[in-house]
Amino acid sequence: MDFDSLIARVGKPSLFTIIATGKNGLIAKALDAQRPEAVNPSEQVSTLKDIGMYTHDGEVPLRNVFASLSIKFQGQQGPSHKADLKELKNIFSELLPNYDTERVYDGDIRKVFKWYNQLANNGFNSADKFAAKTDPAHTEDPAEDLNPASQPEQKLPAKKPKSSKK
């Protein structure tokens, strides 16, 4: 199981891993269940690799936030998502000091801790497990990836001139 195959389904409390895809949707298995389920194509699904947290400088990928949590808690579970919100916000602001307090809601912070604890219980116990496999900009220290300003700007390739046909 790798981070890129993890999904969140609207209305479902657990995270899921994609087992197979088909013409009628996905086959996914909850991290805390043994039995796979069919995911209806009309159901709202988000891949964790595509989710980001808003900061004043842009967005930070959720995988980087999870990697920093893993470093902070040494691969063990963090505080419960049901813990005091003030405590969760303090920990979150230590990891991501420039997060946008107007666009990151309290429920989002609770969800990050809930998801991190589910992942820590299912083998994601080191920051390396959250690393992107094909991301050349990934640094050794995931905390460096939390600052979007420190990431190199990607340049688009120059357009080829159109050849004129005679």
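Now for a quick tour of the structure. Small disclaimer: the values here were computed from a predicted structure and weren't measured.

### What to know about the sheet that holds strand S1 (residues 6-9)
Thought 1: What the five strands build is an open sheet, ordered S4-S3-S2-S1-S5; its pairing is antiparallel. Lying at the two open borders of the sheet, with one neighbouring strand each, are strand S4 (36-39) and strand S5 (45-47). The average angle at which neighbouring strand axes cross in this sheet is 45°, direction not considered.
Thought 2: Across six bridges, strand S2 (residues 15-22) lies against strand S3 (residues 25-30) in antiparallel orientation. Looking across to S3, one finds that Ile18 is bridged to Ala28.

### What to know about the pattern of salt bridges
Thought 1: For the structure shown, the criterion picks out six salt bridges.
Thought 2: Linking Glu43 and Arg9 is a salt bridge whose minimum nitrogen-to-oxygen distance equals 2.7 Å. Taken together, the residues Glu43 in the loop between S4 and S5 and Arg9 in strand S1 connect sequence positions 34 residues apart.
Thought 3: Since its relative accessible area comes to 6%, Arg9 is described here as buried.
Thought 4: When salt bridges with common partners are traced through the structure, they connect Arg9, Glu37 and Glu43 into a single cluster.

### Here we look at the side chain of Arg63
Thought 1: Here Arg63 shows up in helix H1 (residues 62-72).
Thought 2: Among the residues examined, Arg63 registers a relative accessible area of 12% and is labelled buried.
Thought 3: Setting aside its immediate chain neighbours within four residues, Arg63 contacts Phe3, Asp4, Lys49, Phe130, Ala131 and Ala132.

Rules used throughout
Residues numbered from 1 in each chain as written. Predicted model: local features only at pLDDT ≥ 70, side-chain atom pairs only at ≥ 80, totals over all residues. Heavy atoms only, no water. Pairing = 2+ DSSP bridges. Helix = DSSP H or I, 4+ residues; strand = E, 2+ residues; numbered from the N terminus. Axes fitted to C-alpha atoms, helices over the stretch in contact; angles between N-to-C directions. Salt bridge = Lys/Arg side-chain N within 4 Å of Asp/Glu carboxyl O. Buried < 20%, exposed > 50% of the residue type's maximum accessible area, 1.4 Å probe, protein only. Contact = heavy atoms within 4.5 Å.

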